[in-house]
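Working through the structure, step by step
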Amino acid sequence: MKLAQSILAEEGLKISAVQNHYSLLYRSSEEAGIIDYCNENNIVFFSPIWCWNKAH
């Protein structure tokens, strides 16, 4: 994601949202730091379970 963001930045663009496979059993986005990276860079991380979890 960092590489994609740097390539887009060269053209004046930026990543605004990411939709990843994320569930109670498949949490690699959390373990890989993708969610933290998104939070630190104002990128919306979207996953139905993540949105439900944040709302409750």
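Notes on the structure follow. Source: prediction; values computed, not measured.

So, on to the overall build of the protein. A count of helical and extended segments in the protein gives four helices and two strands. Of the regular secondary structure in the protein, the N- to C-terminal order runs α-β-α-α-β-α. Of the contacts formed within the protein by residues at least 6 apart in sequence, a portion of 56% connects residues at least 24 apart. Element-wise, carbon and sulfur atoms account for 56% of the exposed surface of the protein, whose accessible area totals about 4,300 Å².

Relative to the assigned elements, Ser 29 resides in helix 2 (residues 28–31). Residue classification places Ser 29 among the buried residues on the basis of a relative accessible area of 2%. Beyond its immediate sequence surroundings of up to four residues, Ser 29 is in contact with Asn 20, His 21, Tyr 22, Ile 34, Ile 35 and Phe 45.

A few words now on the pattern of salt bridges. What the rule picks out here adds up to one salt bridge. Across the pair Arg 27 and Glu 30 runs a salt bridge, and its minimum N-O distance is 2.8 Å. Taking relative accessible area as the criterion, Glu 30 reaches 36% and is therefore assigned partly exposed.

Conventions and cut-offs
Residues numbered from 1 in each chain as written. Predicted model: local features only at pLDDT ≥ 70, side-chain atom pairs only at ≥ 80, totals over all residues. Heavy atoms only, no water. Helix = DSSP H or I, 4+ residues; strand = E, 2+ residues; numbered from the N terminus. Contact = heavy atoms within 4.5 Å. Areas by Shrake-Rupley, 256 points an atom, 1.4 Å probe, with all protein chains shown as cover. Buried < 20%, exposed > 50% of the residue type's maximum accessible area, 1.4 Å probe, protein only. Salt bridge = Lys/Arg side-chain N within 4 Å of Asp/Glu carboxyl O.

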